[in-house]
Number of protein chains: 2
Amino acid sequence: MTAPKVTSILAEWIVAVQDDDIPEEVRREGVRTFVNWVGCAVGGARHETVDAALKAVDAFSGPRTSGVLGREERLDVLHAALVNGISSHVLDYDDTHLKTIIHPAGPVASALLALAETRPMGGRELITSMLVGIEVECRIGNCVYPQHYDRGWHITGTTGVFGAAAAVGHAIGLNTTQMQWALGLAATQSSGLREMFGTMTKSFHPGRAAQNGAMSAFLAEAGFDSSLQGIEAPRGFANVLSDKQDYGEILDDLGTRWEAALNSYKPFACGIVIHPTIDGCQQIRDEIGDKVGAIRSVQLTTHPLVLELTGKTSPKTGLESKFSVYHAAASALIERDGSPTAFTDALVNRADIIALRDKVKAASDPSIHEASVVIDVTFEDGSTLRKHIQRAIGSRDVPLTDEQLNDKFTRQSELVVGEAKTGEILDAAWRIETLADAADVARRAAVGPVRSAAE
Amino acid sequence: MTAPKVTSILAEWIVAVQDDDIPEEVRREGVRTFVNWVGCAVGGARHETVDAALKAVDAFSGPRTSGVLGREERLDVLHAALVNGISSHVLDYDDTHLKTIIHPAGPVASALLALAETRPMGGRELITSMLVGIEVECRIGNCVYPQHYDRGWHITGTTGVFGAAAAVGHAIGLNTTQMQWALGLAATQSSGLREMFGTMTKSFHPGRAAQNGAMSAFLAEAGFDSSLQGIEAPRGFANVLSDKQDYGEILDDLGTRWEAALNSYKPFACGIVIHPTIDGCQQIRDEIGDKVGAIRSVQLTTHPLVLELTGKTSPKTGLESKFSVYHAAASALIERDGSPTAFTDALVNRADIIALRDKVKAASDPSIHEASVVIDVTFEDGSTLRKHIQRAIGSRDVPLTDEQLNDKFTRQSELVVGEAKTGEILDAAWRIETLADAADVARRAAVGPVRSAAE
């Protein structure tokens, strides 16, 4: 069976999309995606992974047109795309397309915002290009998932390069043939192995996808030609990197059904299996207020996987605490926190947190869904309270509200750039569609780290 | 079965190799590889593919420390590695490791010479690092070939990134752990699809491998960590990108058996199936001299594949003439040429060439080996001459002599930088092992194109 002309049809669509072709509810999710991405890039900016990347690439930077979010360093477009892509993923706190577990914004938004500082574009235009890139990325992901991922490919890297190429190609106005070349150049650079999970190289993947996708578009613009059928050719991306090729996932309802509208945002800076517990404990805290000091015991009932992955009873460091459902419950009850500040060395060793953590017990029950938890609190006076979380916030069933996105943004950004700057960046990010110059966001967000009062 | 610790053992070997550990005959082949690579990079420098690449990347260049061979433009180390890697491959005229059809020098030498302009190194040191890189590249190729290539991967790109990482890592003095990280970063960037053959993107592959491999080494040097087992892990390079993993090909006799010594050099700037005909016709010309004007007919007897691939009887352009065994025979008989000058628009339309070309007939015979040809010449006086080429020059059986390498170098280089510069560059390239500063070669070779008298 001959494959449909996937690359050609997709390229035609990419170059033709206009701002007003995208439904308002999709654009609205696009703005939320953008806000979440800015917060994560600023929030991750102080990580040692970003320090190491900057140390390596700084000497090779071209004209320093583009900011690194949450830092003072400036780099050329391609290297800024790389570093912002790294920092936005390094806390494992970014957005997720749940059908493919692609983290869509990193490769796409990192390339576009760096570009916006050299090729002026309006904020509405940036969101259009970003949504086009995310749509391309997620649809190509759907085409090959899960076999592609199962083979060992880190799908955020392998499909992200197409997303960045499409987004940048749209923004700089490639024609259809050039867009096909850009997709071909993306196909031939598609890479990223799951073996790298647990190392700095994991977050290198979305960064490099941003950089390589942008490079693909710039090469195509300069007349550097490539295959016109890089996605579907017998020796193209889908056949070489996957055992599954469902091209309908790429082409069906293109422009009417939007995968980009299905994006979701992690509310908490830790593995997703702890999220129901944090959500439930935060709700309990809202209900009991200061009575949190009168808790005698907390009993969690979870799916066995939760304890298998996060059963650490006495974490000593911030990193270890991300693998302790006990610590997560205590910090959610006392601090109402699941953001990066909930997983610091300081908090994990604070006496009141340890005291409450030691009152938390957990039991496994295979009949409970992985995404659920039952929390039974008993108070000193013998009274009890039960909270059953069916699905945690951040899931598609319970998406984060704008206020919750603000809270997530603020908590991580304040740690890096302080309160005043955080408010200013957050405001600009929400107003992106009204900005005449999208780069305003980059100029506000690319500021050096400050030590916040929280430290 | 658990895989041996391939990445770790290989990294230990890479960092430990000293100049004197490499046998003189291997070093000698290394110098020939280097000379051939310089000639090809200069020879390809004027190609439109290189123009397009430069147009795209120039605006993003960092400090312009490193030359583009055969051109006036200067770029940062990473971009110079990219562009020199492209130009050295763009004429399909570079070196070949015949067991894997890897073109080894492009990714490795392009990265090293660009580096030598910022981190001074002696010429002997450069050759050592180059041989280490080529060895790593070809051994990893042997480990996965042919299944890896058959799946659709362009093996020069996918293994070249390891070669460049190893070479640059050796040159900048990474320790073993850093070298493992660099190999991990190379593994996760390993890419390049055979679908791109026939487009500019094919020669992008060795260029990008050079750039990405160098970047892998610089990141590792800066403390950017990665998997310690990027080659052999269950989700590492060999398992994800190939159905075959023969780790003995990587580890056995490491340091005693040298794949780098098996490198070969194309004598002619066209597909390998025409090479026996050009070789034979050149030999005939040497024997008959001016009697070439008295030829009545030329009968070629070849394997059917030769006519299938190169059976074009009336080529009109230089590019078409590369697919005409008839033109190749005529230009070899009249001009004694198989270099890029034999495949120009001008030559293909010259009256004497056309006249002789039309006297060339070809017949297929499946009993003749693909690498052989029988040439029967009949002269106006009825006399005849038969030449049977079993294996053409450039094969492992009949390697190019140093004089033939010089001839190849000169013919392509003179077209780009003229006669005087060509002599100077060729001389410096042969003397590489004696140069206190390896960058001397780059400084001499990175000069703007001139129109030669031949045009």
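Residues numbered from 1 in each chain as written. Chains lettered and ligands numbered in written order. Predicted model: local features only at pLDDT ≥ 70, side-chain atom pairs only at ≥ 80, totals over all residues. Heavy atoms only, no water.

Enquirer: Mind laying out the overall build of chain A, listing which residues take part and the relevant values?
Expert: Looking only at helices and strands, chain A features 20 helices and 8 strands. In terms of overall size, chain A behaves like a compact globule, its C-alpha atoms giving a radius of gyration of 22 Å where 455 residues would be expected to give roughly 23 Å. Its C-alpha atoms give chain A principal-axis dimensions of roughly 75 × 50 × 40 Å. The buried share of chain A, taken over its 455 residues, is 64%. Expressed as a percentage of contacts within chain A between residues at least 6 apart in sequence, the contacts between residues at least 24 apart total 76%. For chain A, the computed accessible surface area is about 15,100 Å², with 50% contributed by carbon and sulfur atoms. (Helix = DSSP H or I, 4+ residues; strand = E, 2+ residues; numbered from the N terminus. Rg over C-alpha atoms; globule rule 2.2 N^0.38 Å. Buried < 20%, exposed > 50% of the residue type's maximum accessible area, 1.4 Å probe, protein only. Contact = heavy atoms within 4.5 Å. Areas by Shrake-Rupley, 256 points an atom, 1.4 Å probe, with all protein chains shown as cover.)

Enquirer: How would you sum up the relation of the copies chain A and chain B? Please name residues and give values.
Expert: Between chain A and chain B, the superposition needs a rotation of 180° and an axial shift of 0.1 Å, giving an RMSD of 0.1 Å. Such values leave the two copies arranged in the relation of a two-fold axis. Residues of chain A ranked by C-alpha distance from the rotation axis are headed by Gly62 of chain A, positioned 1.8 Å from it. The fraction of interface residues of chain A whose copies in chain B are also interface residues reaches 100%, indicating that both copies meet through the same surface. (Least-squares fit on C-alpha atoms with pLDDT ≥ 70 in both.)

Enquirer: Explain the UniProt feature "domain: MmgE/PrpD N-terminal" (unreviewed entry) in chain A residue by residue, including any values.
Expert: The feature "domain: MmgE/PrpD N-terminal" (unreviewed entry), as annotated in UniProt, sits at residues 10–247 of chain A in this numbering. With 61% helix and 3% strand, the stretch residues 10–247 of chain A has end C-alpha atoms that lie 11 Å from each other. (UniProt positions renumbered as here; feature names shortened; annotations may be inferred.)

Enquirer: Tell me about helix α9 (residues 176–187) of chain B, and please be specific about residues and values.
Expert: Counted at 1.5 Å a residue, the expected span for α9 of chain B with its 12 residues is 16 Å, and the 16 Å between its end C-alpha atoms agrees. Of all 12 residues in α9 of chain B, 10 are buried; the element is thus mostly enclosed. For α9 of chain B, every residue scored as buried is listed here: Gln178, Met179, Gln180, Trp181, Ala182, Leu183, Gly184, Leu185, Ala186 and Ala187 of chain B. Turning to α9 of chain B, the residues buried within the fold contact α10 (201–221) of chain A together with α1 (6–16), α8 (155–171), α10 (201–221) and α11 (237–241) of chain B. The opening residue of α9 of chain B is Asn175 of chain B, an N-cap whose side-chain oxygen sits 3.1 Å from the backbone nitrogen of Thr177 of chain B. (Expected span 1.5 Å × (residues − 1). Polar contact = N/O pair within 3.5 Å; in protein donor to acceptor, adjacent residues only side chain to side chain.)

Enquirer: How would you summarise the pattern of salt bridges if you had to cite specific residues and measurements?
Expert: All names here are of chain A. For the structure on display, the rule yields 68 salt bridges over all chains. A salt bridge links Glu259 to Lys99; the shortest N-O distance between them is 3.0 Å. Of this pair, Glu259 sits in the loop between α12 (248–251) and β4 (263–265) while Lys99 sits in the loop between β3 (95–97) and α5 (105–116); the two residues are 160 residues apart in sequence, bridging distant segments of the chain. Note that Glu221 and Arg119 form a salt bridge whose closest N and O atoms lie 2.8 Å from each other. One end of the pair, Glu221, is in helix α10; the other, Arg119, is in the loop between α5 and α6 (123–144), with 102 residues separating them in the sequence. Bridged by salt links that share partners, the residues Asp20, Glu24, Arg27, Arg124 and Glu433 form one connected network. (Salt bridge = Lys/Arg side-chain N within 4 Å of Asp/Glu carboxyl O.)

Enquirer: Requested: an account of the UniProt feature "domain: MmgE/PrpD C-terminal" (unreviewed entry) in chain A, with residues and values cited.
Expert: The sites that carry the UniProt feature "domain: MmgE/PrpD C-terminal" (unreviewed entry) are, in the present numbering, residues 268–431 of chain A. As annotated, residues 268–431 of chain A comprises 46% helix and 16% strand, and the C-alpha atoms at either end are separated by 24 Å.

Enquirer: Lay out the environment of Val144 of chain A with the relevant residues and their values.
Expert: Within the element layout of this structure, Val144 of chain A appears in helix α6. For Val144 of chain A, a relative accessible area of 0% puts it in the buried group.

Enquirer: I'd like to hear about the sheet that holds strand β6 (residues 360–364) of chain A, residue by residue, with values.
Expert: All names here are of chain A. Strand order in the open sheet made by the 4 strands is β6-β5-β7-β8, with mixed pairing throughout. Two strands in the sheet have a free side with no partner beyond their single neighbour: β6 and β8 (384–389). Mean inter-strand twist for the sheet, computed between neighbouring axes without regard to direction, equals 15°. Those strands touched by helix α13 (residues 275–288) are β5 (295–302), β7 (373–379) and β8, and its axis lies near 140° from that of β8. Here helix α16 (residues 325–334) sits on the sheet and contacts β5 and β6; the angle it forms with β6, its principal contact strand, is near 130°. (Pairing = 2+ DSSP bridges. Axes fitted to C-alpha atoms, helices over the stretch in contact; angles between N-to-C directions.)

Enquirer: For the sheet that holds strand β5 (residues 295–302) of chain B, give the residues involved together with the corresponding values.
Expert: All names here are of chain B. In space, the 4 strands of this open sheet follow the order β6-β5-β7-β8, with mixed pairing throughout. The open sheet is flanked by β6 (360–364) and β8 (384–389), the only strands paired with a single partner. The average angle at which neighbouring strand axes cross in this sheet is 15°, direction not considered. Here β5 pairs with β6 via 5 bridges, running parallel. By the bridge assignment for β6, Val298 is matched with Val360.

Enquirer: Just give me the short version of the domain arrangement of chain A, but keep the residues and values in it.
Expert: By a widely used convention, the size of an interface equals the accessible area lost when the partners come together. According to the domain assignment, chain A consists of domain 1 (6–265) and domain 2 (272–389). Between the C-alpha centres of domain 1 of chain A and domain 2 of chain A there is a distance of 36 Å. (Domains from an automatic or database assignment.)

Enquirer: Which residues make up the nonpolar core, and what values go with them?
Expert: Counting residues in hydrophobic clusters, the biggest one holds 225 residues, and the most contacted among them are Phe34, Val38 and Phe162 of chain A together with Phe34, Val38 and Phe162 of chain B. With near-sequence residues (within four places) excluded, Val38 of chain B lies in contact with Leu69, Phe409, Ile425, Ala429 and Val441 of chain B. Core analysis: the second largest hydrophobic core is formed by 44 residues, Phe268, Ala332, Ile353 and Leu356 of chain A among them. (Core = buried A, V, L, I, M, F, W, Y, C linked by side-chain atoms within 4.5 Å.)

Enquirer: Help me get a handle on the packing of α8 of chain B against α9 of chain B, residues and values and all.
Expert: Residues and elements named next belong to chain B. Axis separation between α8 and α9 bottoms out at 9 Å; the angle between their running directions is 155°. One way to sum up the angle between α8 and α9 is to call them roughly antiparallel. Here α8 and α9 pass one another in a crossing that is right-handed. For the pair formed by α8 and α9, the contact residues are Val161, Phe162, Ala165, Ala166, Gly169 and His170 on the first element and Met179, Ala182, Leu183, Ala186 and Ala187 on the second. For the contact of α8 with α9, the residue count by class is 9 nonpolar, 2 polar and no charged. (Parallel < 35°, antiparallel > 145°, perpendicular 65-115°, else oblique. Left-handed = near helix turned anticlockwise from the far one by under 90°. Nonpolar A, V, L, I, M, F, W, Y, C, P; charged D, E, K, R; others polar.)

Enquirer: Quick one: what's the story with the interface of chain A and chain B, residue by residue and with numbers?
Expert: Taken together, the contact between chain A and chain B spans 56 residues of the former and 56 residues of the latter. For the pair chain A and chain B, the summed buried surface comes to about 4,600 Å²; carbon and sulfur atoms form 65% of the total. Ranking the residues of chain A by area buried against chain B places Phe60, Phe224 and Arg235 of chain A at the top, with a combined share of 16%. The tally of links between chain A and chain B comes to 0 salt bridges. (Buried area = accessible area lost by both parts, 1.4 Å probe.)

Enquirer: Give a detailed account of the pairing of β8 of chain B, specifying residues and quantitative values.
Expert: Residues and elements named next belong to chain B. Because side chains alternate across β8, one face comprises the buried residues Leu385, Lys387 and Ile389, and the other comprises Thr384, Arg386 and His388, none of which is buried. When strand β7 (residues 373–379) meets β8, the two strands line up antiparallel, connected through 6 bridges. Bridge pairing in β8 places Val377 opposite Leu385. The hairpin formed by β7 and β8 contains 4 residues between the paired strands, and Gly382 there has a positive phi angle of roughly 85°.

Enquirer: I'd like to hear about the packing of helix α8 (residues 155–172) of chain A against α10 of chain A, residue by residue, with values.
Expert: Residue and element names in this part refer to chain A. Contact pair α8 / α10: the axes reach a minimum separation of 7 Å and the direction vectors enclose 40°. One way to sum up the angle between α8 and α10 is to call them oblique. As α8 packs across α10, the resulting crossing turns out to be right-handed. Residues Thr156, Gly157, Gly160, Val161, Ala164, Ala165, Val168, Gly169 and Ile172 of α8 touch α10, and the partners they reach there are His205, Pro206, Ala209, Ala210, Asn212, Gly213, Ala214, Ser216, Ala217, Phe218 and Glu221.

Enquirer: Can you explain the packing of aromatic side chains? Please cite residues and give values.
Expert: One pair of aromatic rings is described through two measures. These are the centre distance and the angle between the planes. Enumeration over the complete set of coordinates arrives at 13 aromatic pairs over all chains. With 5.7 Å between their ring centres and 55° between their planes, Trp13 of chain A and Trp258 of chain A make a pair best called tilted. Here Trp13 of chain A, found in helix α1 (residues 6–16), pairs with Trp258 of chain A, found in the loop between α12 and β4; they are 245 residues apart in sequence, far enough to count as distant. Across this residue pair, the class does not change: Trp13 of chain A and Trp258 of chain A are buried. The side chain of Lys202 of chain A reaches across the aromatic face of Phe197 of chain A, ending 5.0 Å from its centre. The ring of Phe379 of chain B carries Lys291 of chain B above its face, with NZ or CZ at 4.2 Å from the centroid. (Phe/Tyr/Trp six-rings, centres within 6.5 Å; stacked < 30°, edge-to-face > 60°. Lys NZ or Arg CZ within 6 Å of the ring centre and 35° of its normal.)

Enquirer: Explain the environment of Leu309 of chain B to me, using residue names and the numbers behind them.
Expert: On the secondary structure map, Leu309 of chain B appears in helix α14 (residues 304–310). Along the backbone, Leu309 of chain B and Phe323 of chain B are 14 residues apart, and their C-alpha atoms lie at a distance of 6.7 Å.

Enquirer: Give a description of the confidence of the model for chain A that names residues and reports values.
Expert: The share of residues in chain A with pLDDT of 70 or more is 98%, and the mean pLDDT across the chain is 95. On the interface metric, ipTM, the complex scores 0.92, and its pTM is 0.93. (pLDDT = per-residue confidence, 0-100.)

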